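Structure assessment
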Amino acid sequence: MIDAFARKIDYMRLSITDRCNLRCKYCMPEDVECISHDNVLRLEEMHRLCAIMAKLGVKTIRLTGGEPLVRKGWLDFARGIKGIEGVENITLTTNGILLEEHLEELKELGITKLNISLDTLNEGIYEKITGSNALADVLESITTALYIGMKVKINCVPLAGINDHEIIQIAQMAETLPIDVRFIEMMPTEVNGGLVPMPIADVMEMIKAHYPDLKDDSHFTTLPRGFGPAKYYKTTEMEGSIGFIASISDIFCSTCNRIRLSSDGFLTLCLHHRRGVDLKELLRGGASDAEIEEAVKVAIMAKPEKHHMKAEDGKEVNLKHMSRIGG
């Protein structure tokens, strides 16, 4: 699919559930209400939409949530979309708590690229951010995934006054492990728990001060790093790399190749824009595949040129619940 700004749209993030086994303050705090079961797409409905998207040119599907591993039947669903003609890559974003027991099955299925959320290496801070004491389970999942040869990216959201003193310690994981440690600017939402994001420029300054010989990853490889907007750096001594995603302060919309399908069937064209189309309504209203395809094509042409942090009335356009859209 090509949008109105000549961008090739070939990547879809699919939130298979808005439920999660954590309660991260910037994503899904305790008072967030989940979507009713009747309004969540059935897995066969999601499979149908994946097949339609693949026909339209989507080659990469990232399974997200909430936490995708809490959805019953998620692994069989992944097997199903793996067999869809045109789907070349299936990747997974997870908090890692339930991951270890499924790693061998994922590898056999060909899902070998994992994004694992990890904002801290301190048990107390982990519990403060997530409401859980499951840090050990996450670290064990990372260790096992690397041991069996999977490609792992760590997603860390830097938060002022919470984990900012751990930035270097977290970055140091890339020294001895073949992983990409990525620092991601927290996006503004209506339920951010009062947390204050650190600008990625400040994070980069800290890390470059610690690693004065840090160089752009292009000095070390010509291979593509992935399907997203992260900028990667490393040193000659590092096993892995350090990545930065400046979601707010550095607009990279001109290269955006993605769309997002929420667990209740809403196709979102941009995280910070209200445009989109309700595919669940079409699905359950008896629309044919051809009619759904046409609705998607029309929606893609309305994909905005860039995100708008300010709405027409001057108010900020914030996401309501990150857990519902899959990040």
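Whatever comes next refers back to the structure up there.
Residues numbered from 1 in each chain as written. Predicted model: local features only at pLDDT ≥ 70, side-chain atom pairs only at ≥ 80, totals over all residues. Heavy atoms only, no water.

The subject of this paragraph is the packing of helix H1 (residues 43-55) against helix H10 (residues 289-301). Between H1 and H10, whose axes approach to 10 Å, the crossing angle comes to 60 degrees. When the axis of H1 is compared with that of H10, the two are oblique. Remark: the crossing between H1 and H10 carries right-handed chirality. Where H1 approaches H10, its residues Arg48, Leu49, Ile52, Met53 and Lys55 are matched on the opposing element by Asp289, Ile292, Glu293 and Val296. (Axes fitted to C-alpha atoms, helices over the stretch in contact; angles between N-to-C directions. Helix = DSSP H or I, 4+ residues; strand = E, 2+ residues; numbered from the N terminus. Parallel < 35°, antiparallel > 145°, perpendicular 65-115°, else oblique. Left-handed = near helix turned anticlockwise from the far one by under 90°. Contact = heavy atoms within 4.5 Å.)

A few words on the side chain of Thr94. Tracing the backbone shows Thr94 in strand S3 (residues 89-94). A distance of 2.9 Å separates a polar side-chain atom of Thr94 from the backbone nitrogen of Gly96. When sequence neighbours within four positions are dropped, the list of residues in contact with Thr94 reads Glu67, Leu69, Leu99, Asn115, Ile116 and Ser117. (Polar contact = N/O pair within 3.5 Å; in protein donor to acceptor, adjacent residues only side chain to side chain.)

With respect to burial, strand S1 (residues 11-15) is a largely interior element, 5 of its 5 residues being buried. The sheet contact formed by S1 and strand S2 (residues 60-64) spans 5 bridges and is parallel. Bridged to Leu14 within S2 is Leu63. For S1 and strand S10 (residues 258-261), the ladder comprises 4 bridges, and the chain directions are parallel. Looking at S10, one finds that Tyr11 is bridged to Arg258. (Buried < 20%, exposed > 50% of the residue type's maximum accessible area, 1.4 Å probe, protein only. Pairing = 2+ DSSP bridges.)

Our next topic: helix H4 (residues 123-130). Of all the residues in H4, the buried ones are Ile125, Tyr126, Ile129 and Thr130. Buried residues in H4, looked at end-on, bunch into an arc of 115 degrees, giving them a common side. More than 90 degrees from the buried face of H4, the exposed residues found are Glu123 and Lys128. In this structure, the buried side of H4 is in contact with helix H5 (135-147). You can read the cap of H4 off the contacts: a side-chain oxygen lies 2.9 Å from the backbone nitrogen of Gly124, and it is on Asn122. Looking one or two places after H4, you find Gly131, whose phi comes out positive at around 80 degrees. (Arc of directions from axis to C-beta.)

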